[in-house]
Structure formats: C-alpha cells, structure tokens
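If you want the building blocks of each chain, they are given just below.
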Amino acid sequence: MTAADTTRTLVNVAAAAAESKGAEDLLAFDVSEPLPLVDAFLLATGSSERNVAAIADAIEEAMLENGVKRLRREGRHESRWVLLDFGDLVVHVFHEQERVFYGLERLWKDCPIIPIEVPAPAVAD
C-alpha cells in the first residue's frame, strides 16, 4: 500500500506553505504501510517558537484553501512541536531542538520518502 496521489498533492501544498514561512529540513514519509489510518507524515523545522507557530498557521490556511479541514491540533500553545492532523496527512512542525531530541526520522527511517515538489519562487526580471 502506498500514499494516495491526493495525499501526495497535499504534502506539496503543506510543504509550500511551510517553506513560505521559512521552514527548513522538510521531509515527508509514506507511513501508509505501518499506519492504516494515515498515508503520510510531513516534518518541518522552525527556528523559534514564533516561527513554528507561523509555519503551522500557514499550513492550516493553505490546507483550508484546498478544501481540507484540520481534524486535530496539538502543541500550538507552546509552539515547540505542533502536530496538525488532516486525516490522511499529519504534519509535525518542530522547533530545531525538539526535532533533534525526538528524532522522528529515526523512528520512520524504514518508510519510503515522498518527494517534495515545491515550485521555485518567481524571479523578477
């Protein structure tokens, strides 16, 4: 079983929104095999609590614009690790220190990576 094409599209929507707010180290995993209720995880890193909150807010807004409502949100108050559950896609927005400490990449290392295809910003002539 692999992540649905719609989920892969939503990964890119969320990644573009995250990147627009300065997110770094974007990484997406296809977790559909070990987790039957979720297709993909997207991990992103912010440089401060304020940045983590801005990234999470931008992702929520972009997903809503694409007709996807958030089912659950955890950690927004502290903004050290914000979890956004959109059903088939779960987004983890970390502060740098939490990302290193929890090491989700190690936990999900056996899952396939979903390529992130964020369009390059337009260059003014």
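Structure first, text after, so check above.
Each chain has its residues counted from 1, following the order in which its sequence is written. Given that the model is predicted, a residue must reach a pLDDT of at least 70 before its local features are reported, and side-chain atom pairs must reach 80 or more before they are shown or counted; all residues, however, enter totals for whole chains, interfaces and linings. Heavy atoms throughout the structure, all of them, feed into the side-chain values; hydrogens and water do not.

Caption draft 1: Just the side chain of serine 32, in detail. A run of DSSP states H or I qualifies as a helix once it reaches four residues; a run of E qualifies as a strand once it reaches two. Both are numbered from the N-terminal end. Checked against the element boundaries, serine 32 lands in the loop between strand 1 (24-30) and strand 2 (40-46). Under the rule applied, a polar contact is a pair of N or O atoms within 3.5 Å (in protein, one hydrogen donor and one hydrogen acceptor; residues adjacent in sequence only if both atoms are side-chain atoms). Engagement of the side chain of serine 32 in a polar contact is seen with the side chain of aspartate 30, the distance being 2.6 Å.

Caption draft 2: Layout of the packing of aromatic side chains. For Phe, Tyr and Trp, where Trp contributes only its six-membered ring, two rings pair if their centres lie within 6.5 Å, and the inter-plane angle classes them as stacked under 30 degrees, edge-to-face over 60, or tilted in between. Taken as a whole and judged by the stated rule, the model has 4 aromatic pairs. Where phenylalanine 101 meets tyrosine 102, the ring centres are 4.9 Å apart and the plane angle is 90 degrees; that geometry is what we call edge-to-face. Three labels apply to residues, based on accessible area from a 1.4 Å probe with only protein chains included: buried if under 20% of the type maximum, exposed if over 50%, partly exposed otherwise in between. Under the relative-accessibility criterion, phenylalanine 101 is labelled exposed at 61%. Under the relative-accessibility criterion, tyrosine 102 is labelled partly exposed at 41%. An aromatic cluster is defined as three or more aromatic residues linked by ring pairs; in this entry it consists of Trp81, Phe94, Phe101 and Tyr102.

Caption draft 3: Structural context of the packing of helix 1 (residues 5-20) against helix 2 (residues 49-65). Orientation of helix 1 relative to helix 2, taken along the N-to-C sense of each, is 140 degrees, at an axis distance of 8 Å. What the angle tells us is that helix 1 and helix 2 run oblique. Every pair of crossing elements has a handedness; the one defined by helix 1 and helix 2 is right-handed. Across the interface between the two elements, Leu10, Val13, Ala14, Ala17 and Ala18 of helix 1 pack against Ile55, Ala58, Ile59, Ala62 and Met63 of helix 2. Lines fitted to the C-alpha atoms define the axes, with helices restricted to the stretch that makes contact. Angles between their N-to-C directions range from 0 to 180 degrees. Angle categories are assigned with fixed cut-offs, so that under 35 degrees is roughly parallel, over 145 is roughly antiparallel, 65 to 115 is roughly perpendicular, and the rest are oblique. Crossing handedness: left-handed means the near helix sits turned counterclockwise from the far one by under a right angle, and right-handed means the same turn made clockwise. Residue contacts follow a heavy-atom distance rule, with two residues in contact if any of their heavy atoms lie within 4.5 Å.

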